[in-house]
Amino acid sequence: MSHDHGNVIPAYMKVFATLCVMTLLTVAAAKIDPFHGMHNGYIFNITLGLAIAVFKVICVMYIFMHLKFDNPFLRFFVYVPVFLFFVMTFGLNLEFGHAPSNNKVTRTVYEQLHPGEHHGAGHGGH
Amino acid sequence: MSAALNLSHEPVTKIAHGKLAMWAFLASELMFFTGFFGTFIVLRNTNYQAFYEASHHLAWPLALVNTFLLIGSSLTMALAIYNLERKNNGQFQTFLGLTILGGVGFLVVKYFEYSAKWHDGLFPGQENHTLFYSFYFIMTGFHALHVVAGMIPMIFMLVKSYTKKGYPYPVKVEALGLYWHFVDLMWIFIFPALYLIFP
């Protein structure tokens, strides 16, 4: 802000169009279900949905929220929490989510939630 | 506004204090929502069948409409700030008004969604799908509260721009714009997480 970034309206319009297209792509990806029948496919479809969302978020932050034009110092406020956000979402998804049978913590939670259900050792292998 | 705004008291960052504070606040907000997403993902992956069945009661087309409403209102907010910086008061008022309308539209759709869920007995504490709908109501509920919280200062600014013939504090509008984009960003994650990842 405070600096004139010139005519940013074409950039705004491009971001808006990208967001609309990516939203429809998210819906299409969910309805087509490309990982159907795949081993642990349910982990991949949440990852795909989040990956498209990440792309949209980067567009909004850099153009609408002016991160591209402002002092790079501001990016510190963005990169650190966004990194933590990814650790919590992708990290938990790929590791803990993978592992009713592999990971001790999740296995315990899983067994409490599904009493009496046997989990084969082969399920959820990396 | 470039000429009017003096940032000489912020010689290092050249970022207005209000804006810097808003970014710091948004960082803490992101951590708040991260807690929801983290627990949601762990419980979703360990209870896939239950979440799968529960999610099929959600109306994703309504959420798609809401997504477009929020993306559109993000655009109009950015355009409102652009016009305020160039002292186009009329256009500023138009775009800020459209942003408020986008928020109102979002809440109206949300009202219909919530009342349908309530009518079907799909809410926390019920016999069926209580875990999924706890997440649904907490995540979308907090998000809707954020929408309301953003609209209140927007209405105030719009009214003031009519009575004072223009809004004299562009930094405030810009900080509010950051907040409004953040609300949009959170919906960008909530929409696929709750409505779409259970094909």
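Rules behind the numbers
Residues numbered from 1 in each chain as written. Chains lettered and ligands numbered in written order. Predicted model: local features only at pLDDT ≥ 70, side-chain atom pairs only at ≥ 80, totals over all residues. Helix = DSSP H or I, 4+ residues; strand = E, 2+ residues; numbered from the N terminus. Buried ≥ 20, exposed ≤ 12 C-beta atoms within 10 Å, placed from the backbone. Contact = placed C-beta atoms within 7 Å. pLDDT = per-residue confidence, 0-100. Axes fitted to C-alpha atoms, helices over the stretch in contact; angles between N-to-C directions. Parallel < 35°, antiparallel > 145°, perpendicular 65-115°, else oblique. Left-handed = near helix turned anticlockwise from the far one by under 90°. Nonpolar A, V, L, I, M, F, W, Y, C, P; charged D, E, K, R; others polar. Expected span 1.5 Å × (residues − 1).

With respect to the overall build of chain A
In terms of helices and strands, chain A carries four helices and zero strands. The order of α-helices and β-strands along chain A, N terminus first, is α-α-α-α. The burial tally for chain A puts 27% of its 126 residues in the buried class. For chain A, restricting intrachain contacts to residue pairs at least 6 apart in sequence, the fraction spanning at least 24 positions comes to 48%.

A look at the confidence of the model for chain A
Residue and element names in this part refer to chain A. When pLDDT is averaged across chain A, the result is 76; 70% of the residues are at 70 or more. The least confident element of chain A is helix H4 (residues 104-113), whose mean pLDDT is 58; the most confident is helix H1 (residues 9-32), at 93. Below pLDDT 50 for its whole length, residues 119-126 participates in 13 contacts with residues either more than four positions away or in separate chains.

Topic: the packing of helix H5 (residues 130-163) of chain B against helix H6 (residues 170-196) of chain B
Residue and element names in this part refer to chain B. Where H5 contacts H6, the two axes come as close as 10 Å, and the packing angle between them is 160 degrees. On the basis of their axis angle, the class for H5 and H6 is roughly antiparallel. Seen from above, H5 lies across H6 with left-handed handedness. In this structure, H5 contributes Tyr 136, Met 139, Thr 140, His 143, His 146, Val 147, Gly 150, Pro 153, Met 154 and Met 157 to the contact, and H6 contributes Val 173, Leu 176, Tyr 179, Trp 180, Val 183, Met 186, Trp 187, Ile 190 and Leu 194. Taken together, the residues of the contact of H5 with H6 sort by class into 15 nonpolar, four polar and no charged.

Focus: unusual backbone geometry
The phi dihedral of A:His66 falls on the positive side, at around 65 degrees, and the residue is not glycine. Note that A:His66 resides in the loop between helix H2 (41-64) and helix H3 (76-96). With 21 C-beta atoms packed within 10 Å, A:His66 lands in the buried category. Positive phi values are uncommon outside glycine, yet B:Lys165 reaches one of about 55 degrees. For B:Lys165, the location among the structural elements is in the loop between H5 and H6. Judged by the 9 C-beta atoms lying within 10 Å of it, B:Lys165 falls in the exposed class.

So, the interface of chain A and chain B
One frequently used descriptor of interface size is the decrease in accessible area upon assembly of the parts. In this complex, chain A contributes 48 residues to the contact, which on the side of chain B involves 42 residues. For the side of chain A that touches chain B, the element with the highest residue contribution is H2(A), accounting for 11 residues. Looking at side-chain class alone, the side of chain A that touches chain B contains 31 nonpolar, 12 polar and five charged residues.

Considering the packing of helix H3 (residues 60-85) of chain B against helix H4 (residues 89-119) of chain B
Residue and element names in this part refer to chain B. Packing of H3 against H4 brings their axes to within 8 Å, and their N-to-C directions diverge by 160 degrees. Overall, the two elements H3 and H4 adopt an arrangement that is roughly antiparallel. Like other packed secondary-structure pairs, H3 and H4 cross with a definite hand, here left-handed. When grouped by side-chain class, the residues that make up the contact of H3 with H4 number 15 nonpolar, 10 polar and two charged.

With respect to the environment of A:Phe69
Residues and elements named next belong to chain A. Following the sequence through the fold, Phe 69 ends up in the loop between H2 and H3. Its 15 C-beta neighbours within 10 Å are what place Phe 69 among the partly exposed residues. As for Phe 69 and Thr 89, which are separated by 20 residues in sequence, their C-alpha atoms are 28 Å apart.

Quick notes on H5(B)
The end-to-end C-alpha separation of H5(B) is 49 Å, in line with the 50 Å expected for 34 residues at 1.5 Å each. Two residues or fewer past H5(B), B:Lys165 is found with a positive phi of approximately 55 degrees.

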